[in-house]
Amino acid sequence: GQQLNQSPQSMFIQEGEDVSMNCTSSSIFNTWLWYKQDPGEGPVLLIALYKAGELTSNGRLTAQFGITRKDSFLNISASIPSDVGIYFCAGATSGTYKYIFGTGTRLKVLA
Amino acid sequence: DAGVIQSPRHEVTEMGQEVTLRCKPISGHNSLFWYRQTMMRGLELLIYFNNNVPIDDSGMPEDRFSAKMPNASFSTLKIQPSEPRDSAVYFCASSPAGTGGYEQYFGPGTRLTVT
């Protein structure tokens, strides 16, 4: 099936560093969701975005809905070891339940 | 609050056997989704129910796959007969009324291995 492009695919960072990742699409979306998945678990919803240009925070996480509506960004500030996991973006067009999921960014935090 | 509950968490079966995966959505949610996750294809939507009615089953790979939602608190995904290529993690997700399915909450998944 179709997947969104996420970058980077994986990253190693030091504890305390800030992290940035993005998700791009060839299609315009009206909703973006960001999830985190731990090994052996289901994706956990982190942030939902509904408007172009919207900036939403959830604790140390901040996500933005790109102005072009073809991309979204997730930032994690002052990373900690429990931030380790795979981060997925998901985009959908208006009025639809059909999300297209990204390929995932695998984050590893070095203590 | 209880999240989406799935059972079993792990299932190992032999090719040709019937497999039934179960899901209890979050209470009050009126939309339910079944997904399959593999390394090659990522997360794929199999079927979507709204108010217990199947709305879109276009993602169901073959007639060997079937899903039911007899009431608002229970759904099953059945594979009969199972094949090795069905090995994957199967997730159930639910969404609250009024969101149009925008916010989907996932269960812990069932890891299926077909030998």
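Each value, and the rule that gives it
- Residues numbered from 1 in each chain as written.
- Chains lettered and ligands numbered in written order.
- Predicted model: local features only at pLDDT ≥ 70, side-chain atom pairs only at ≥ 80, totals over all residues.
- Heavy atoms only, no water.
- 1 Å grid on protein atoms, 1.4 Å probe; cavity = no way out; pocket = protein on both sides within 12 Å on 5 of 7 lines; lining within 4 Å.
- Points joined across faces, edges and corners; volume = space filled by probe spheres on them.
- Helix = DSSP H or I, 4+ residues; strand = E, 2+ residues; numbered from the N terminus.
- Nonpolar A, V, L, I, M, F, W, Y, C, P; charged D, E, K, R; others polar.
- Salt bridge = Lys/Arg side-chain N within 4 Å of Asp/Glu carboxyl O.
- Buried < 20%, exposed > 50% of the residue type's maximum accessible area, 1.4 Å probe, protein only.

Caption draft 1: Molecular detail of the layout of surface pockets. The calculated volume of the largest pocket comes to roughly 740 Å³. Surrounding the largest pocket, 34 residues form its lining, Gln-37, Ile-86 and Arg-106 of chain A together with Gln-37 and Met-39 of chain B being those nearest its centre. Breaking the lining of the largest pocket down by element, the ones donating at least two residues are strand S9 (85–92) and strand S11 (105–110) of chain A together with strand S4 (29–38), strand S9 (88–96) and strand S11 (110–114) of chain B. When residues in the lining of the largest pocket are grouped by element, the largest group, four residues, is from S11 of chain A. Considered class by class, the residues forming the lining of the largest pocket number 11 nonpolar, 16 polar and seven charged.

Caption draft 2: Quick peek at the pattern of salt bridges. For the coordinates displayed, the defined rule picks out 11 salt bridges over all chains. Asp-83 of chain A is the salt-bridge partner of Arg-60 of chain A, the closest N and O atoms lying 2.8 Å from each other. One end of the pair, Arg-60 of chain A, is in the loop between strand S6 (55–58) and strand S7 (61–65); the other, Asp-83 of chain A, is in the loop between strand S8 (71–76) and S9, with 23 residues separating them in the sequence. Taking the shortest distance from any N to any O, the salt bridge between Arg-41 of chain B and Glu-44 of chain B comes out at 2.6 Å. Residue classification places Glu-44 of chain B among the buried positions, given a relative accessible area of 12%.

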